[in-house]
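One-letter residues, chain by chain:
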Amino acid sequence: LTDPPLPAIPAINTNSPVCLGSPLNITSLSSPGVIYSWTGPNGFSSAAQNPTVTPTVYADSGVYVVTVDINNCFNKDSTMVRIIPLPFPAAANSSPVCSGDTLFLMGSSSNGASSYTWNGPNGFYIFVQNPFIDNGTVAAAGTYTVTVDLNGCYATATTDVVVNQTPDAPG
């Protein structure tokens with residue numbers, strides 16, 4: 001009589017850290033024919049080999065443990081997962097302005113940001129937190145979007161710009 005061999009220690013991979021609200025993918029590989037049993041934070045449990053948690057919340061951060069079973073012989077491993085916050089962007093502008101004036105765009109994030117990307121009417125595209133358009137024209141009117149990056153997580157905010165045509169000088 002011999003004891004059956006233990007299943008291989010499962011090899012775990014995740015896409016952690018994960019942005020709040022994005023799917024958390026957890027994968028595990030062990031011996032063929034094993035039964036997988038996962039536990040984790042926020043009441044997580046799964047019998048899938050490769051479970052997904054979606055959408056993620058902060059409470060999903062923590063240690064995930066997988067136990068593998070073959071013929072009542074067990075092995076297990078664990079991994080730490082971190083859910084990171086999205087930025088909270090805001091966008092503003094100095095409009096209404098008259099054509100020929102300088103238009104200022106202001107971007108911010110209440111919880112920090114590592115980069116800002118603006119795009120808008122007339123092909124406007126720039127990587128600056130607070131850009132300006134010198135000698136603005138009526139074509140600069142419209143909606144501008146700022147995309148803010150915080151630790152690889154992105155969020156956007158918009159602001160509407162009004163540019164009024166400066167009347168011609170009396171003649």
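Model, not experiment: these values are computed from the prediction. (Residues numbered from 1 in each chain as written. Predicted model: local features only at pLDDT ≥ 70, side-chain atom pairs only at ≥ 80, totals over all residues. Heavy atoms only, no water.)

### Some details on the sheet that holds strand 5 (residues 45–46)
Spatial ordering of the open sheet is given by 5-4-7-8, a layout of 4 strands whose pairing is antiparallel. The open sheet has two free edges, formed respectively by strand 5 and strand 8 (73–81), since each of these has just one partner strand. Where strand 4 (residues 35–39) lies against strand 5, 2 bridges are found, and the strand directions are antiparallel. Counted as the bridge partner of Thr 39 is Ser 45 from strand 5. (Pairing = 2+ DSSP bridges. Helix = DSSP H or I, 4+ residues; strand = E, 2+ residues; numbered from the N terminus.)

### Here's the deal with the state of the cysteines
Going through the model one piece at a time under the given rule, you end up with 1 disulfide. Each sulfur of the disulfide joining Cys 19 and Cys 153 lies 2.1 Å from the other. Residues Cys 19 and Cys 153 are joined by a disulfide whose S-S torsion is about -100°; by sign, that bridge is left-handed. Note that Cys 19 is positioned in strand 2 (residues 18–19) and Cys 153 in strand 17 (residues 153–161), a separation of 134 residues in sequence. Both residues of the pair, Cys 19 and Cys 153, belong to the buried class. (Disulfide = S-S within 2.5 Å. Buried < 20%, exposed > 50% of the residue type's maximum accessible area, 1.4 Å probe, protein only.)

### Concerning the side chain of Asn 93
Looking at the secondary structure, you find Asn 93 in strand 10 (residues 89–93). At 2.5 Å, the side chain of Asn 93 forms a polar contact with the side chain of Ser 95. Here the side chain of Asn 93 touches Thr 159 through a polar contact of 2.6 Å, side chain to side chain. In this structure, Asn 93 is in contact with Leu 103, Phe 104, Leu 105, Met 106, Thr 159, Asp 160 and Val 161, ignoring residues within four places of it in sequence. (Polar contact = N/O pair within 3.5 Å; in protein donor to acceptor, adjacent residues only side chain to side chain. Contact = heavy atoms within 4.5 Å.)

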